[in-house]
Every structure is written in C-alpha cells, then in structure tokens.
Amino acid sequence: MITPMVSFAFFQIQPLQRSNQPNSPISFFNGNIAQYCSLPKKNMIIASELSTSERAPSPPKLPNIGSDRDTNSEGLGKGALEFLESFLSFFSTSLLYFINPPLHPSVDPKHVLTGNFAQVDELPPIDCLVVEGELPQSLNGTYIRNGPNPLHQPRGPHHLFEGDGMLHSIRLSDGRATFCSRYVKTYKYALEDNVGFPIFPNILSGFHSVVDLGRCAIAIGRPFSLSNRLFALGESDLPYSIHLSEEGDIETIGRCDFDGKAFINMTAHPKIDPETGETFAFRCSPIPPYITFFSIDTEGSKQQDVPIFSMTDPTFVHDFSITKQYIVFSESQIEMNPLRLMMCKGMPVSAELDKVPRIGVLPRYASTDSEIRWFEAPGFNAMHAINAWEEGDEEIILVAPNAISIENLFHSIEKVHFSLEKVRINLRSGSVTRTTLSQKNLELGSINPSYVGKRNRYGYMGIGKMIPKMSGVVKIDLELECEVSRRLYGAGCFGGEPLFVAKDGASEEDDGYIVSYVHDEKSGTSRFVVMDAKSQTLDVVAAVKLPRRVPYGFHGLFVKDGDIKEIH
C-alpha cells in the first residue's frame, strides 16, 4: 500500500534557489498529496494531489533565441517552441507585476508556505540515529508518506492541499533506519524542472485574474506512460510507477494508463480486497458522468467502466468504501464548478448548503448504475472513509469522519470539526442512523489493512489541530463506540496520519504498531515515531531523529520487505 503525488514542467530559465528554512520566503509550485495501497501481485497504488503561488514578482528577462541551440531543423523547432513558452511566461509574469489582485490568506503562498508547510529539497538516502527505545527487529520495510512540496516559487494562488508531490520514506532493516525524500517525477514536474519556473496553474486554488487564466492556456502536456507494479496516484492524473530500492531510494519509473484502458485520472484512494486481491477505484469529473466506477483484477487488468449517471450534481468525491458485496459512495455538499475557473471567480469548488447529502450503495459487480441505491443522510459530509462492512443481509455499517461546517473546508479548515461517526444503513427500510464515536476533532485515520471491507473493531485517528497538523492519536473501539487509548505528542509537536502496521504473524487485530512523522515546531526538528498499538497509552517503542524536518503531509503506507522484493 502506498500514496504518492503528481506534477509537470516545460522550459529552462534561471532555476530558483530552494531553502530548507521553515520561514523561507521562497515558495514552490504544483504537486500532490497522496495515500498508498497495494495492488496484489503486479500492482501497488499510491495517491496524490497538487499546488502553486506568489504575487507581484519582478518581470523576467526574455532569453536569447538560438544560444547554445542545435542548428538543425529539430533544434530550431525546439528553440522556437522554447522562445514561445518563455515569452508567454514573460507576458504572464509581467501582468502579475502590474495586475495584482489581493489573495485570500488560504491561497496566498506567503501565508500558506510558512513554518513546517514550507518546501524542502530532495534528500538522497541517509542513515538516521535511533534516539529513543529500539526499532523492533520484526519491523522491516519502508514507511512512505506523501505531502505537497512545490518545486518552484508559485506565481499565483496556492492552497494547502496543492503542491508537487514529494515522498518522504524511511527504510527500516534490522533495527537501522535510512531516510529519503524524492519528488514524484510526473510530467508536470519534468516540464517545470526543465524550464526552471512554474507553468501549470493550481486548479484547486482557482483563477483569480486573467493572468491565472492565461497561464492555463499553455498548461497542456505531452503525456507518457509505462506500465509497472508500484504506482503513485493523484486525482488530477493517472498513476505513476514507483520503484523502491534496497538502499532506501525512491525512483519514478513512468505514467501508467493500464494498456490504454484508464482515462484521464483516478482516485487517490483505491481499495484492495485483502481476501480476493481485487482493486476497486473510481474517477471524479466536473462533467457527467460525475463518478465512474471500475475495478482492476489480480493480474493488473482494468475492467469495464460503470458510469454513475444517477449522481446528478457535480459532487466532489474524494474517497469511498467497499464491503464484501457493495461499493459505498458518500455524496457531500461540496460541488465542482469549472465555470468559476473560466470566469476568474476563484476556487472551482464550493459548498452547496441547501443540498441534502446522500450515501450510494452499488453492488460490487454491477455492470450499470441501475442497481445503485441512494439513501439521504442530512448533515453527513464525509471526505474520507475509514471502513465499511455488512451486518447480516440488511445493514451496512460505514465509519467515517463527518466534516461539520463544511463551508469552511477550503478557506478556513481550522473552523471545520471532523466528527468520527458510525453510520448504519438499513437496506430494507431505507433508514440511516448515525452515532458519534468521539467528541474530538478526528481525521486522517487508518485500520489494520487486513480488515478492509469487513467488520473490524479498532480505528486509529489523528487528533486535529489544523488538518493535516495532528496533535496526537487516539484508538477508537468501534464495537464499544468509544475512545480506549490516546497519546499526545506534546506542546508544539504535531504528527500526521497515524498508520497502523501489523506485526508479522499477528493473531489479534490490534497486534502491531502505529507510525508517524512528528515535527517539533520549537526546535524545528522531526522524528519518526513507532508506538505500541495494544498498550493503554500507545507507548512509544522507538523514535528516530530525522536528518531534517519533514513538512506536514497527508497519507502514508508501510511496505514490508517481503512485498518490496515481490513487486520488483
């Protein structure tokens, strides 16, 4: 299981300097956020998302044409294309210099890219020091967590959820640890790395002026694809194949379209049935069909699309669930509106508070959406799903954080309270009942992956300070419907998604570890922390001091040594 990111790039001018300092004024552009999953046998999937911005930069100088260029026709064509691209960038940046509408703090890079949200450089594999306890000898493998990390200084709006995808990995072997940070080398990344400045505007941040719209006109890329086993996913693109080396390094192999069967994009949260090995996924679109469901068999072959035309509003769907027999979609009040982009009215998403959220239940092997059933769930807005399962023949249980005050999700996420709920859907009566499992602000959770799609007892949730900054972790008993253990990281210390890693040969669901990167904002240092999932206080088993800070991110995955060797 893995979760990476997406990006692109175009031509070459002076490269920008990058800084590792938390408060550096240098920002960077478009990437991804992600989450990891593994396709049985051949494939492993990762997830992702993107970013951009900064206002009123100094107008750049146009480059000389033909300098250091080949004199053959191919070189001249390339030189002409690069001159056109450079001119468009010059024109765009010059307009920004003179036309500079104010940005909301939620999309102003000078506000967003500060502290531990500021970007860092790539870092090759480097050995780390265990500063507390001992790494379990049985915990051998690689933990990978994604995060947005703009490659270049943004020239337009930049949202917290955007940025070139960077993977931060730590390889554990016989009690030793090796850390590494690498970009996912997407098409966008390659283009922008080549030219030395951002080309692709951030879509989520929206277009706030004609300048942003103009930059979009040249953001059309030349896609390439290679089919492989380990993929990084981003909702804005198709998967990218990723290779993990025994030395702890990460390499992007290429883009994969599943032999031409995958179209445009794919969810960053595919689900893998631990018993059958099948992978289930969907893609979300701002035009009908707004949701298209599909599956990937155990040989890595994509199956036929099932368009969901009964979703009649352009709902933004980020995640979903599976059970043994069903697929479960949550239709929230967040909707997509691409016309807002073209009219330069900011973000292409908004909360439609008059809309009644619904939960859709589709048989796993349905060939059309005629078999889907929709159940109204007023006030239920789930961005992520923790798990789902069936109870008897009549009920489906869904566990998910409900975003209260969802209208603040993109502009003031600190005002959103994520209430973890257990939702009971009665297939016979059509009733939906909900139980709140904790009063805390809980998001970015995980379970033992062996229990995906079937009844499980424990969930591990991050305690939200301001998503994705998590002040601690709680263990929730889904049967008793309450919190049973908790650990806070301490004053000024914040982690991310608490990821559960089962012990080899574990006989109980919670027999394993919880892992996360934790950053100390007072000292500016980061650690990799391993906690005992069974202990009453989630005791720290080991802590590894990392060679530099790790910016806050989103989803992660632990790939055990045996799986790494099998997928290579």
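Residues numbered from 1 in each chain as written. Predicted model: local features only at pLDDT ≥ 70, side-chain atom pairs only at ≥ 80, totals over all residues. Heavy atoms only, no water.

**Student:** Go over the overall build of the protein chain with me, naming the residues and quoting the values.
**Tutor:** When helices and strands are counted, the protein chain shows 6 helices and 33 strands. Across the 568 residues in the protein chain, those meeting the buried criterion constitute 60%. Restricting the contact set of the protein chain to residue pairs at least 6 apart, pairs at least 24 apart contribute 66%. Element-wise, carbon and sulfur atoms account for 51% of the exposed surface of the protein chain, whose accessible area totals about 21,900 Å². (Helix = DSSP H or I, 4+ residues; strand = E, 2+ residues; numbered from the N terminus. Buried < 20%, exposed > 50% of the residue type's maximum accessible area, 1.4 Å probe, protein only. Contact = heavy atoms within 4.5 Å. Areas by Shrake-Rupley, 256 points an atom, 1.4 Å probe, with all protein chains shown as cover.)

**Student:** Requested: an account of the environment of Asn-140, with residues and values cited.
**Tutor:** Looking at the secondary structure, you find Asn-140 in the loop between strand 3 (123-133) and strand 4 (141-148). With 364 residues separating them along the chain, Asn-140 and Asp-504 place their C-alpha atoms 9.9 Å apart. In contact with Asn-140, other than residues within four places in its own chain, are Leu-172, Ser-173, Asp-174, Phe-558, Lys-560 and Asp-561.

**Student:** I'd like to hear about the environment of Arg-145, residue by residue, with values.
**Tutor:** On the secondary structure map, Arg-145 appears in strand 4. Looking at Arg-145, the relative accessible area reads 4%, which means it is buried. For Arg-145 and Ser-181, which are 36 residues apart along the polypeptide, the C-alpha to C-alpha distance reads 9.6 Å.

**Student:** With reference to specific residues and values, describe the side chain of Asn-441.
**Tutor:** Within the secondary structure layout, Asn-441 lies in the loop between strand 23 (432-436) and strand 24 (442-446). The contacts of Asn-441, once residues within four sequence positions are left out, are Val-416, His-417, Phe-418, Gly-462, Ile-463 and Gly-464.

**Student:** Summarise empty space enclosed by the protein; cite the residues concerned and give the values.
**Tutor:** Within the structure shown, the criterion is met by 3 cavities of 30 Å³ or more. For the largest cavity, the calculated volume is near 70 Å³. In terms of lining, the largest cavity is formed by Val-112, Leu-113, Asn-116, Phe-117, Pro-148, Pro-150, His-158, His-159, Leu-160, Glu-162, Pro-551 and Tyr-552. Roughly 50 Å³ of volume is contained in the second largest cavity. In terms of lining, the second largest cavity is formed by Asp-319, Phe-320, Ser-321, Val-328, Ser-330, Ala-382, Met-383, His-384, Ala-385, Leu-398 and Ala-400. Looking at the lining of the second largest cavity, the elements that each hand over two or more residues are strand 14 (320-322), strand 15 (326-331) and strand 21 (395-404). Looking at the lining of the second largest cavity residue by residue, the classes come out as 7 nonpolar, 3 polar and 1 charged. (1 Å grid on protein atoms, 1.4 Å probe; cavity = no way out; pocket = protein on both sides within 12 Å on 5 of 7 lines; lining within 4 Å. Points joined across faces, edges and corners; volume = space filled by probe spheres on them. Nonpolar A, V, L, I, M, F, W, Y, C, P; charged D, E, K, R; others polar.)

**Student:** Break down the sheet that holds strand 18 (residues 358-363) for me, citing the residues and quoting the values.
**Tutor:** The strand order 14-15-18-19 describes an open sheet built from 4 strands, whose pairing is antiparallel. The open sheet is flanked by strand 14 and strand 19 (373-376), the only strands paired with a single partner. Across the sheet, the axes of successive neighbouring strands diverge by a mean angle of 20°, strand direction being ignored. Relative to strand 19, strand 18 runs antiparallel, the two being bridged by 4 bridges. In the strand pairing of strand 19, Arg-358 is matched with Glu-376. (Pairing = 2+ DSSP bridges. Axes fitted to C-alpha atoms, helices over the stretch in contact; angles between N-to-C directions.)

**Student:** Provide a residue-level description of the packing of aromatic side chains, including the pertinent values.
**Tutor:** Each aromatic ring pair is summarised here by two numbers: the centre-to-centre distance and the angle between the ring planes. Going through the model one piece at a time under the given rule, you end up with 13 aromatic pairs. Measuring from ring centre to ring centre gives 5.0 Å for Tyr-183 and Tyr-189, while their planes differ by 35°; the resulting arrangement is tilted. Summarising the burial analysis for this pair, Tyr-183 and Tyr-189 share the class buried. Look at Tyr-460 and Phe-500: their rings are 5.1 Å apart centre to centre, the planes differ by 10°, and that puts the pair in the stacked class. Here the residue Tyr-460 occupies a position in strand 25 (residues 458-466), and Phe-500 occupies one in strand 29 (residues 499-502), the gap between them amounting to 40 residues. By relative accessible area, Tyr-460 is classed as buried at 1%. What links up through ring pairs into an aromatic cluster is the set Tyr-143, Phe-179, Tyr-517 and Phe-528. Sitting over the ring of Phe-494, Lys-469 keeps its end group 4.3 Å from the ring centre. The cationic tip of Lys-475 hangs over the ring face of Tyr-458; the distance from NZ or CZ to the ring centre is 4.4 Å. (Phe/Tyr/Trp six-rings, centres within 6.5 Å; stacked < 30°, edge-to-face > 60°. Lys NZ or Arg CZ within 6 Å of the ring centre and 35° of its normal.)

**Student:** Any details on the pattern of salt bridges? Residues and values, ideally.
**Tutor:** Pairing of side chains with opposite charge becomes possible as their charged atoms draw close. In total, this model carries 35 salt bridges according to the counting rule given. Two residues, Glu-132 and Arg-527, come together in a salt bridge whose shortest N-O distance is 3.4 Å. One end of the pair, Glu-132, is in strand 3; the other, Arg-527, is in strand 31 (residues 525-532), with 395 residues separating them in the sequence. Residue classification places Glu-132 among the partly exposed residues on the basis of a relative accessible area of 34%. Using a relative accessible area of 32% as the deciding quantity, one classes Arg-527 as partly exposed. Three or more residues joined by partner-sharing salt bridges are found here, namely Glu-391, Glu-395, Arg-424, Arg-455, Arg-457, Asp-477 and Glu-479. (Salt bridge = Lys/Arg side-chain N within 4 Å of Asp/Glu carboxyl O.)

Distances and angles like these do not, on their own, reveal function.
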